[in-house]
Amino acid sequence: MKSFLAEIFTGLDIDYGDIRVEESAVSSIVFRGKELDECRQNFEKGGILRLFKNGNWVSASFNRIDEGLKELAKKKAKELELLPPKRLSLSLLPRIEIYAEKQREDSLPLTAKVELLRGYNEILLRFPGIVSTLSGYGERDKKIYFYSTEDRYIEEVSRYFRIFLQAIARDGTNIQDYAESFASRRGIADLQGKEEVVEKIAKMALDLLKAEKVDAGVYTCVIDPRLAGVFAHEAFGHLSEADFLYTNERLKELLKIGTTYGVSELAIVDDPTIKDEWGSYQFDDEGVESRRTSLIREGKISSHLHSKETASAMGEDLTGNARAVSYRFPPIVRMSNTFIEPRDKKLEEMIGEIDNGLYVAGTRGGTTELEFFTFSSQFAYKIEKGKKTKLVRDVIIQGNIFETLRNIDMIGNDLIFWPGGCGKGGQSPLPVATGGPHIRIKNCLIGGK
């Protein structure tokens, strides 16, 4: 494959070019209530070609992988000649040649995967008061072939297995839902034996029927690891992605390396090298080696996330964060496994000092606009005189990310990761993981009744 891909660039007058060919097999199973709504397997092969010259990019996606790609490359190179020059360059790398390991075999047929999901779905429906469900199984096997005019050739295989379960409970006009997902990069065996987790999903949906709406106000909050991870990804991580950052002078100043935004114990990291984690990879989609990047270290801005273009533009090191959700898209700067590093506080210590606060857990999504964020949690408990008491719902957290980072005054000792799908630039869902320990935040603005 290497020689075939390399010949596509022969004779082109360009500064840089790369080509990425992707083979993928996708399985999808969905239950809605009692009914099997979807069961399909797709096999796909395609690629994307990119050329760079005088600060300009052109790209083209394709499904036919044959000699016609040479003509496509010549045509796109002519288009480059028409574009006015820009003062942009790329950070380039030395040659490398990496071949993929043999793909691991999956022992379960599609019918067995349907039965696994059916079993979990039936557990949810067994609970009186659960009126409907949405249960999904997704699996993706992918092999990438990458070549660039730096003479870098890389093959990489990856596998993703995930189950999503949502229970919908109803009491008269009161309708509540609760959902969780679990995932693995190793195999479907990791998704079996989760009956206790499934039962908890149904019970939480039913408990939310009885929960009161939270009282609006300003609280000291303990945030659970799932919401802490989403906070690190959505509210802070996206600001660190340099494709947006390097064209925004105000944000560039706010995220200047060395600026202090938190206590000295605070550290936020993006790390695609964690073995078998949901957002892990060996090379990004520009053929750059993955690496651990400290975004905040000792409470100070430490680094940003880069592609070859943004690293050159900002004069910073490559970080291996140019990623694309599929061959239909050129890579853009994305996160991988983004998390707050754990420290030494126990949950009991964090709650024990609070007289009137909230324990806020999970997320139903949210929005961000530069440094401002709004997140909805899945549920919360009141904290009264140092103890978790009543379950409450409809908890919305709003704030400014930089003020909120300064208000973190305790960091727990219990790091947990959760699988997710990032949707930046219309490229969704890109596999990412979010993680964190419990964290305590002072002066949280909570929306409620």
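Residues numbered from 1 in each chain as written. Predicted model: local features only at pLDDT ≥ 70, side-chain atom pairs only at ≥ 80, totals over all residues. Heavy atoms only, no water.

**Remarks on the overall build of the protein chain**
Spelled out, the test is: Put simply, DSSP H or I for four residues or longer makes a helix, DSSP E for two residues or longer makes a strand, and each gets a number counted from the N terminus. Note that the radius of gyration is over C-alpha atoms, with the globule rule given as 2.2 Å times the number of residues to the power 0.38. Burial classification: accessible surface area is computed with a 1.4 Å probe over protein chains only, and a residue below 20% of its type maximum counts as buried, one above 50% as exposed, and the rest as partly exposed. The contact definition used throughout considers only heavy atoms, calling two residues in contact when any of these lie within 4.5 Å.
The helix and strand inventory of the protein chain stands at 10 helices and 25 strands. The globule rule puts the C-alpha radius of gyration for 449 residues at 22 Å, and the 24 Å found for the protein chain is close to it. With respect to the principal axes defined by its C-alpha atoms, the protein chain has extents near 75 × 55 × 35 Å. Residue burial in the protein chain is summarised as follows: out of 449 residues, 53% are buried. For the protein chain, contacts bridging at least 24 residues in sequence account for 74% of all contacts bridging at least 6.

**A look at the sheet that holds strand E12 (residues 300-301)**
Through backbone hydrogen bonds, the strands of a sheet pair up, either in parallel or in antiparallel fashion. We apply this condition: Following DSSP output, two strands are said to pair if at least two bridges run between them.
Within the open sheet, the six strands sit side by side as E12-E11-E10-E15-E24-E23. Their pairing is mixed. Only two strands of the sheet have a single neighbouring strand rather than two, namely E12 and strand E23 (416-422). Sheet topology note: the strand E15 (residues 337-340)/strand E24 (residues 430-436) ladder contains three bridges and is parallel. If you follow Thr338 over to E24, its bridge partner there is Thr434.

**Concerning helix H5 (residues 225-236)**
Stated formally: A helix is expected to span 1.5 Å for every residue after the first.
Helix length check: H5, at 12 residues, gives a terminal C-alpha distance of 15 Å against a target of 16 Å (1.5 Å per residue), a fit within 8%. Of all 12 residues in H5, 11 are buried; the element is thus mostly enclosed.

**Some words on the packing of helix H3 (residues 110-126) against helix H4 (residues 195-210)**
Cut-off, in case you're wondering: Every angle, taken between N-to-C directions, lies between 0 and 180 degrees, and every axis is a line fitted to C-alpha atoms, over only the stretch in contact when it is a helix. Crossing handedness: left-handed means the near helix sits turned counterclockwise from the far one by under a right angle, and right-handed means the same turn made clockwise. Gly is placed with the polar residues, together with every amino acid not listed as nonpolar (Ala, Val, Leu, Ile, Met, Phe, Trp, Tyr, Cys and Pro) or charged (Asp, Glu, Lys and Arg).
H4 packs onto H3 with a crossing angle of 35° between their chain directions and a minimal axis gap of 9 Å. Two packed elements cross with a definite hand, and for H3 against H4 that hand is right-handed. Contacts between H3 and H4 involve Tyr120, Ile123 and Leu124 on the former and, on the latter, Glu195, Val198, Glu199, Ile201 and Ala202. Tallied by class, residues from the contact of H3 with H4 come to six nonpolar, no polar and two charged.

**Focus on unusual backbone geometry**
Here Ser428 and Pro429 are connected by a cis peptide whose omega angle stands at -5°. The backbone of Asp276 sits at a positive phi, close to 65°, despite the residue not being glycine. Positionally, Asp276 belongs in the loop between strand E10 (268-270) and strand E11 (293-297). You will see that Asp394, though not glycine, has its phi angle at about 60°, which is positive. Inspection of the secondary structure assignment puts Asp394 in the loop between strand E20 (387-393) and strand E21 (396-400). Judged by relative accessible area, which is 36%, Asp394 ranks as partly exposed.

**Quick word on the pairing of strand E2 (residues 35-53)**
Bridging between strand E1 (residues 16-32) and E2 involves 17 bridges; their strand directions are antiparallel. Bridge pairing in E2 places Ala25 opposite Phe43. With antiparallel pairing between neighbouring strands as the criterion, E1 and E2 make up a hairpin whose turn holds two residues, including Gly33 at a positive phi of roughly 60°. With seven bridges joining them, E2 and strand E3 (residues 56-62) adopt antiparallel strand pairing. Opposite Leu51, over in E3, you have Val58 as the bridge partner.

Structural measurements only, silent on function.
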